[in-house]
Amino acid sequence: MRQAAGALLLLSSSLTLPRAASADPLGVTVLEPTAGIVESDFTTSLVATISDPTVQTAVVTVNGAEYEVPVEGGRVEQNVVVVPGNNRVGVLARRGTETARDSVTFFQAGAAADLMVVLTWQSRGEIVDLWVREPSGETCKWDHRTTDRGALLDFSASAIGFGSQAYVGRQVVAGRYRIKVHYWGAFDDDDARGRWTYDELVDRLDQLDAPPARGRPSQPTTRGRERTPPIPRDPAARAAERRRVEAALDAWAEPGAPQTPLQAEAILFPGTRAERRWRFDLVVQRTGQLVGLGEVEITDDMIRAARAEVGR
């Protein structure tokens, strides 16, 4: 009987071991673009497959800039901003401690740009708009995408969330370029602080701590355009209201939304020997926040020297 049990155990081990050893390794394959010459203007399509369809995100690297993108059914589909000349695009996927990657180098033969501003972020669904104010005072942004000198490009598949944006200036002029971002990552209705200001919450807590007035209950007061509800007289309702106010005050010590690190690069004469780069980093977290990333000052001497070197 023991011999039969031992043989059964040995047979069971011989059946299970090969299964563990034959687990499919994680793999990434970039299908588009392909190595060689790519005919495009400023953007090209990136298509990659992930061998494990349960992987939900991947990291895309475009000429050194990294950002996260969604994976749907084992497939990555994005538009990426490229520069004239050589470009390198890569995709990295993770599964636990296992990583896999693939990349391709290609030559973009298309329209040249004098100035590009590329904004990237590790998105979790936030909406971030790039604004570039040109020296003339005209601002290129989501509702004014084309100016006399430039244009705004979305290069995520869905154009919002999980993606990034770029400003492309075909002909640069001397002056100051101001780079801003408009952040729409959180929504006030979901903000734990609600619509109360900090001072209003402190006043409300002070009123709740005061002994209940005898006779008639407190009357509602006007707070902005809204009416503040009266202080409850029932002890249980009063205690519940106090807990809500304390929770809202505690929330003021926390960010109003998940912190989102942004990276932007301004590239003058990208892909040429005269290329210059400026890097900007910022963490944003408040819904509706419009904040400056930085400024780029371009002089006539810089433009003349670059044009002489690249023959434009």
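Look up a bit, the structure's there.
Here is a short report on the structure shown in this document. (Residues numbered from 1 in each chain as written. Predicted model: local features only at pLDDT ≥ 70, side-chain atom pairs only at ≥ 80, totals over all residues. Heavy atoms only, no water.)

1. Digging into the sheet that holds strand E8 (residues 98-108)
In spatial order, the strands read E2-E8-E7-E4-E5; together these five strands make up an open sheet with mixed pairing. A strand with exactly one partner marks an edge of an open sheet, and here the two such strands are strand E2 (36-38) and strand E5 (65-70). Taken over all neighbouring pairs, the strand axes of this sheet differ in orientation by 35° on average, direction set aside. By the bridge criterion, six bridges tie strand E4 (residues 57-62) to E5 in an arrangement that is antiparallel. In the sheet register, Val 60 faces E5, and the bridge partner there is Tyr 67. (Pairing = 2+ DSSP bridges. Helix = DSSP H or I, 4+ residues; strand = E, 2+ residues; numbered from the N terminus. Axes fitted to C-alpha atoms, helices over the stretch in contact; angles between N-to-C directions.)

2. Remarks on the layout of surface pockets
A volume near 270 Å³ is recorded for the largest pocket. Around the largest pocket, the lining is made up of 19 residues, and of these Val 62, Asn 63, Ala 65, Val 118 and Glu 265 lie nearest the centre. Of all the secondary structure elements, the ones that give two or more residues to the lining of the largest pocket are E5, strand E6 (75-81), strand E9 (115-121), strand E17 (260-268) and strand E18 (276-284). Tallying contributions element by element places E17 first for the lining of the largest pocket, with four residues. (1 Å grid on protein atoms, 1.4 Å probe; cavity = no way out; pocket = protein on both sides within 12 Å on 5 of 7 lines; lining within 4 Å. Points joined across faces, edges and corners; volume = space filled by probe spheres on them.)

3. A closer look at the side chain of Glu 241
Its location among the elements puts Glu 241 in helix H3 (residues 235-251). For Glu 241, a relative accessible area of 10% translates into the label buried. In contact with Glu 241, other than residues within four places in its own chain, are Arg 204, Leu 208 and Pro 232. (Buried < 20%, exposed > 50% of the residue type's maximum accessible area, 1.4 Å probe, protein only. Contact = heavy atoms within 4.5 Å.)

4. Things to note about the environment of Glu 295
Assignment of secondary structure puts Glu 295 in strand E19 (residues 289-298). Put simply, Glu 295 and Arg 133 are 162 residues apart on the chain and 9.4 Å apart in space, counted from C-alpha to C-alpha. For Glu 295, the residues in contact, after removing those within four places along its chain, are Arg 176, Tyr 177, Arg 178 and Phe 280. In this structure the side chain of Glu 295 is engaged in a polar contact, spanning 3.4 Å, whose partner is the side chain of Arg 176. A polar atom in the side chain of Glu 295 sits 3.2 Å from the side chain of Arg 178. (Polar contact = N/O pair within 3.5 Å; in protein donor to acceptor, adjacent residues only side chain to side chain.)

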